[in-house]
Amino acid sequence: MHVHRFEKLWIGLSLLLIAGFIGIVLFGFTVMDLKVPGIEEGRQVDPTTVLSDEEFSRPGVRKISDDHYEVYMIAQQFIFRPGSTQPLTLPANTRITFHMTAPDVMHGFEVPGSGLNATIIPGQIATFSTRFPEAKSYGIICHQYCGAAHHNMQGKINVVPPSEFDESNLISQ
Ligand code: CUA
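Here goes a summary of the coordinates provided. Because the structure is predicted, anything quoted here is derived from the model rather than measured.

1. Comments concerning a nonpolar patch on the surface
On the surface, Val25, Phe27, Phe29, Val31, Met32 and Leu34 cluster together to form a nonpolar patch covering roughly 600 Å² of accessible area. Here Phe29 shows up in helix H1 (residues 5–30).

2. Re the nonpolar core
One finds Phe98, Phe109 and Ile157 to be the most contacted residues of the largest nonpolar core, which totals 30 residues. With four residues, strand S2 (residues 68–76) is the single largest residue contributor to this core. Not counting residues within four places of it along the chain, the set of residues in contact with Ile157 comprises Leu88, Leu90, Phe98, Val111, Phe132, Lys136, Ser137, Tyr138 and Ile140. With six residues, the next largest nonpolar core counts Val45, Val50, Phe56 and Ile74 among its residues.

3. Focus: the pairing of strand S1 (residues 60–65)
Summarising the sheet, S1 and S2 pair through five bridges and their orientation is antiparallel. Among the inter-strand pairings, Ser65 is bridged to a residue of S2, identified as His68. Here S1 folds back onto S2 in antiparallel fashion, the turn holding two residues.

4. Quick word on the environment of Phe98
Within the secondary structure, Phe98 sits in strand S5 (residues 95–101). Taking the relative accessible area as the measure of exposure, Phe98 reaches 0% and is therefore buried. Taking the C-alpha atoms as reference, Phe98 lies 4.8 Å from Val71; in sequence the two are 27 residues apart. In this view, Phe98 contacts Val71, Met73, Leu88, Leu90, Phe109, Leu116, Ala126, Thr127, Phe128, Thr130, Phe132 and Ile157; residues no more than four positions away in its chain are not counted.

Analysis parameters
- Residues numbered from 1 in each chain as written.
- Predicted model: local features only at pLDDT ≥ 70, side-chain atom pairs only at ≥ 80, totals over all residues.
- Heavy atoms only, no water.
- Patch = residues over 30% accessible without salt bridge, like charges linked within 9 Å, V, L, I, M, F, W, Y side chains within 5 Å.
- Areas by Shrake-Rupley, 256 points an atom, 1.4 Å probe, with all protein chains shown as cover.
- Salt bridge = Lys/Arg side-chain N within 4 Å of Asp/Glu carboxyl O.
- Helix = DSSP H or I, 4+ residues; strand = E, 2+ residues; numbered from the N terminus.
- Core = buried A, V, L, I, M, F, W, Y, C linked by side-chain atoms within 4.5 Å.
- Buried < 20%, exposed > 50% of the residue type's maximum accessible area, 1.4 Å probe, protein only.
- Contact = heavy atoms within 4.5 Å.
- Pairing = 2+ DSSP bridges.

Here it is in structure tokens:
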């Protein structure tokens with residue numbers, strides 16, 4: 001069977017493209033150690049009782065070590081707690097682990113400019129870590145339609161220099 005050389009060329013380029021895509025995914029999951037949010041712990045929770053859960057009943061920032069803080073945050077119609085009524089303040093250049101869930105319906109958690117983007121599903125705890133490189137303010141937006149006031153569901157994160165981070169607002173362990 002005769003295959004035209006242009007056809008051979010395009011078959012070759014297509015195979016190269018597919019190999020490239022597979023290579024990028026493998027590179028991401030191995031060398032860059034990317035993870036799907038929530039897979040790491042995969043902890044589940046009953047959404048009807050999550051508001052009285054030991055940790056989620058006191059959402060906020062907890063200190064794990066000088067270089068590691070964790071945030072328990074609830075996404076609910078139509079606020080992020082913390083984040084909406086009060087900005088969430090976090091130290092720069094510090095490992096921050098978020099634990100998030102929702103008691104009502106599915107919400108989104110996106111922090112434009114930070115690379116953070118998660119879908120918050122009732123019954124699932126999404127866990128992901130980041131490091132904000134510099135002191136800066138970020139917005140939080142909900143990117144899943146969650147009801148009549150979805151478009152108003154937003155919040156704010158203030159990243160401050162570690163020396164200015166006020167530890168008096170931390171939630172005790
Ligand atoms: Cu919450 Cu849209």
